[in-house]
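A look at the structure
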Number of protein chains: 2
Amino acid sequence: MVDLLFRSLDHTHAAERAMKRSALPFDPIDLHQLKRSCGHCALSELCLPAGINQADLERLDTAVRDKRVLERGDHLYRQGDAFHSLYVVRSGSLKTVVESDEGDAQILGFHLPGELIGVDALANDHHLCAAEALERTSVCELPYTQLQQVMTEVPSLQRQLMRVVSREVVAEQRHLVMMGRQQAQERLAIFLRSLSERYGRLSRDTVTLTLTMSRYDIANYLGLVVETVSRLFTRMEAAGVLAVSRKTVSILKPDLLAAMCGTQDSGKKEPTRR
Amino acid sequence: MVDLLFRSLDHTHAAERAMKRSALPFDPIDLHQLKRSCGHCALSELCLPAGINQADLERLDTAVRDKRVLERGDHLYRQGDAFHSLYVVRSGSLKTVVESDEGDAQILGFHLPGELIGVDALANDHHLCAAEALERTSVCELPYTQLQQVMTEVPSLQRQLMRVVSREVVAEQRHLVMMGRQQAQERLAIFLRSLSERYGRLSRDTVTLTLTMSRYDIANYLGLVVETVSRLFTRMEAAGVLAVSRKTVSILKPDLLAAMCGTQDSGKKEPTRR
DNA sequence: TTTTTTGATTGATCTGGGTCAATGAAGCGA
DNA sequence: TCGCTTCATTGACCCAGATCAATCAAAAAA
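Residues numbered from 1 in each chain as written. Chains lettered and ligands numbered in written order. Predicted model: local features only at pLDDT ≥ 70, side-chain atom pairs only at ≥ 80, totals over all residues. Heavy atoms only, no water.

As a further point, take the pairing of strand β10 (residues 242-245) of chain A. All names here are of chain A. The side-chain alternation of β10 yields one buried face, formed by L242 and V244, and one unburied face, formed by A243 and S245. Note: β10 against strand β11 (residues 248-251), four bridges, orientation antiparallel. The residue of β11 that forms the bridge with A243 is S250. Here β10 hands over to β11 after two residues, with R246 in that stretch at a positive phi of 60°. (Buried < 20%, exposed > 50% of the residue type's maximum accessible area, 1.4 Å probe, protein only. Helix = DSSP H or I, 4+ residues; strand = E, 2+ residues; numbered from the N terminus. Pairing = 2+ DSSP bridges.)

Moving on, we get to the interface of chain A and chain B. Note: interface size is frequently given as the accessible area lost on complex formation between the parts. Taken together, the contacts link 50 residues of chain A with 51 residues of chain B. Summing both sides of the interface, chain A and chain B together bury roughly 4800 Å²; the carbon and sulfur share of this comes to 59%. Of all residues in chain A, M162, L176 and R181 of chain A bury the most surface against chain B, accounting for 14% of the area lost on that side. Counting across the interface, chain A meets chain B through four salt bridges. D125 of chain A is the salt-bridge partner of R159 of chain B, the closest N and O atoms lying 3.5 Å from each other. Sorting the residues of the side of chain A that touches chain B by element identifies β5 (105-111), α4 (144-153), α5 (155-181) and α8 (226-238) of chain A as the ones contributing at least two each. The dominant element in the side of chain A that touches chain B, judged by the number of residues it contributes, is α5 of chain A, at 19 residues. Class assignment of the residues belonging to the side of chain A that touches chain B gives a composition of 24 nonpolar, 13 polar and 13 charged. (Contact = heavy atoms within 4.5 Å. Buried area = accessible area lost by both parts, 1.4 Å probe. Salt bridge = Lys/Arg side-chain N within 4 Å of Asp/Glu carboxyl O. Nonpolar A, V, L, I, M, F, W, Y, C, P; charged D, E, K, R; others polar.)

What follows is about the sheet that holds strand β6 (residues 116-117) of chain A. Residue and element names in this part refer to chain A. Strand order in the open sheet made by the four strands is β1-β8-β3-β6, with antiparallel pairing throughout. Taken across any chain shown, the strands that pair with only one partner, and hence form the sheet edges, are β1 (65-70) and β6. Bridging between β1 and strand β8 (residues 137-143) involves four bridges; their strand directions are antiparallel. Paired with V69 across the two strands is S138, which belongs to β8. Set on the sheet, α4 makes contact with β3 (85-91) and β8; between it and β8 the angle comes to about 60°. (Axes fitted to C-alpha atoms, helices over the stretch in contact; angles between N-to-C directions.)

Another point: the relation of the copies chain A and chain B. What relates the pair of chain copies is a rotation about an axis plus a shift along that axis. With an RMSD of 0.0 Å, chain A superimposes on chain B once it is rotated by 180° and translated 0.0 Å along the axis. Both copies are brought into coincidence by an operation consistent with a two-fold rotation axis. Interface residue correspondence from chain A to chain B reaches 100%, placing this contact among same-surface, isologous pairings. (Least-squares fit on C-alpha atoms with pLDDT ≥ 70 in both.)

A few words on the environment of R68 of chain A. All names here are of chain A. Along the chain, R68 turns up in strand β1. For R68, a relative accessible area of 10% puts it in the buried group. Put simply, R68 and S138 are 70 residues apart on the chain and 5.5 Å apart in space, counted from C-alpha to C-alpha. One polar contact links R68 to Y87, side chain to side chain, over a distance of 3.3 Å. (Polar contact = N/O pair within 3.5 Å; in protein donor to acceptor, adjacent residues only side chain to side chain.)

Moving on to the environment of L161 of chain A. On the secondary structure map, L161 of chain A appears in helix α5. It is 9.9 Å that separates the C-alpha atoms of L161 of chain A and L147 of chain A, two residues lying 14 residues apart in sequence. With near-sequence residues (within four places) excluded, L161 of chain A lies in contact with L48, L86, L116, L147 and M151 of chain A together with M162 of chain B.

It is worth spelling out the sheet that holds β10 of chain A at this point. All names here are of chain A. Ordered in space as β9-β11-β10, the three strands form an open sheet in which the pairing is antiparallel. With partners counted over all chains shown, the strands left at the sheet margins are β9 (208-210) and β10, one partner each. Taking the axes of each pair of neighbouring strands and ignoring which way they run, one obtains an average angle of 15° across the sheet. Contacts between helix α6 (residues 184-201) and the sheet are confined to β9, β10 and β11, with β9 contributing the most and set at about 95° to the helix.

All names here are of chain A. Averaged over all residues, the pLDDT of chain A is 82; the fraction at 70 or higher stands at 82%. Taken together, the stretch residues 1-35 has pLDDT below 50 and engages in 36 contacts with residues farther than four places along the chain or on a different chain. The low-confidence segment residues 265-274, where pLDDT is below 50, has 15 contacts with residues more than four positions distant or belonging to other chains. (pLDDT = per-residue confidence, 0-100.)

On to helix α6 (residues 184-201) of chain B, then. Along its 18 residues, α6 of chain B runs 26 Å from first to last C-alpha, staying within 8% of the 26 Å computed at 1.5 Å per residue. Within the span of α6 of chain B, buried status applies to Q185, E186, R187, L188, A189, F191, L192, L195, S196, R198 and Y199 of chain B. (Expected span 1.5 Å × (residues − 1).)

This is the structure we're talking about:
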């Protein structure tokens, strides 16, 4: 809750960091990735290239700038920054956060590989939220003017972008329903299931999740308080549904977890209306 | 909380209604509007045509099907319906609602003239929420395949559509922040101010608002219960901020209302974290 | 017109989850 | 290694807003 002096060009800082880093020893991920194109990307089916043919893919590659790498806590962009590019997460994870004038923040989402961020900035050419890396994270940068150009030439890309943006809208809607209708325990259950499912799409382990965000982040995202989240983890572990150890959470009883997502009326008949 | 039998084609019903209606006496609005094109529409600056030149506007018109008119309570589409078109509200207002398996609903938004709805359906070709008219409402239908075609020919339209979609994302984000961080009174204050501001953009009275939605709808939208909303109206009227009479709400002290939007700490120093 | 239904308001009471406070347990820089 | 800071957990208490219930008014049906 301190400095929110808008820096219009975070890019410069990132560039500096990138240069420093390349002078450092072992950083094999970076080097590999720089050579890769959308056509060879493991994420292609989740990402913009989905359903686009080979020739058009090459065209798309011209609109993708070199990947950027962020360390934990680095900002991809800050609230108020001028808009230049959309970003696709390549590896790692980020959170997007809006901060109100009063100083309190709301986390809008956690973003895993293959997911697009920055769409909110299209409305008025400024980022309305900040994007911050939760761990070492690399992203593909899509400078928007170039992307637009390619889209006019490749209609299927235009269609695909709309689809991806729509996914973003849907995710926000689900978040909204959670905030409006769900009880605390349901929220956490939904969050964990959704995370597990998204891990699954990335062909990761869907049972043992490694949370890259803090309890504070989880609580904030769920519209709760950190103490409540902590208590819920404890309770769900006691119920045998989860095994919790710090950042590592294992889903021991997926069916029970799923049951906790609905309005878990363990006695009432009619669902609460509110 | 009753019938959610998905009808894949609500269009047919609307068509029937339209025919019936045209046989009825006085309905001058309809007749006028049918003649109008995007180029002459009073909403053009708020809507898709914004920033598009005359020649391209004519092209856009080819992608806009005849307007549809809905009566209060009519559905523009239902949850689960197959996706065909986006819609722009022309006059009147609608609400979009998701209903969970458990039967309880969450209102995602209220939609005024110039606003686009249906974007969430692009993700998987099915509407994930229902859109229901709150009063007699007319919309412009944009069949998506045609819209796509025109967009490939008119890049500025493509850009503009992304901008409008982005506005939708931003609105959802604001809703989310409200649900996550704001107290009950702040939520209502924010809601009223936002409504007033949107009325202003439509050059309507920003002081005396005519609410087209019920208290239940407002409460649901705000993640509250109808009793709470009712009490808040009473309290804000007692405080001299509002004059409330059924569906008509006048903002007597806009500055006070604005002050109620922030975390109104009438004593505390640090803003609550949560 | 009267009856019925639906929407809105108000009061009394209860509770889920927030607030406050204390204690551990990592991680980290020096 | 030792403080120091940050993150996480747990307990005791409290309150904003939900629930329950009753009344009233408007609108729709009869």
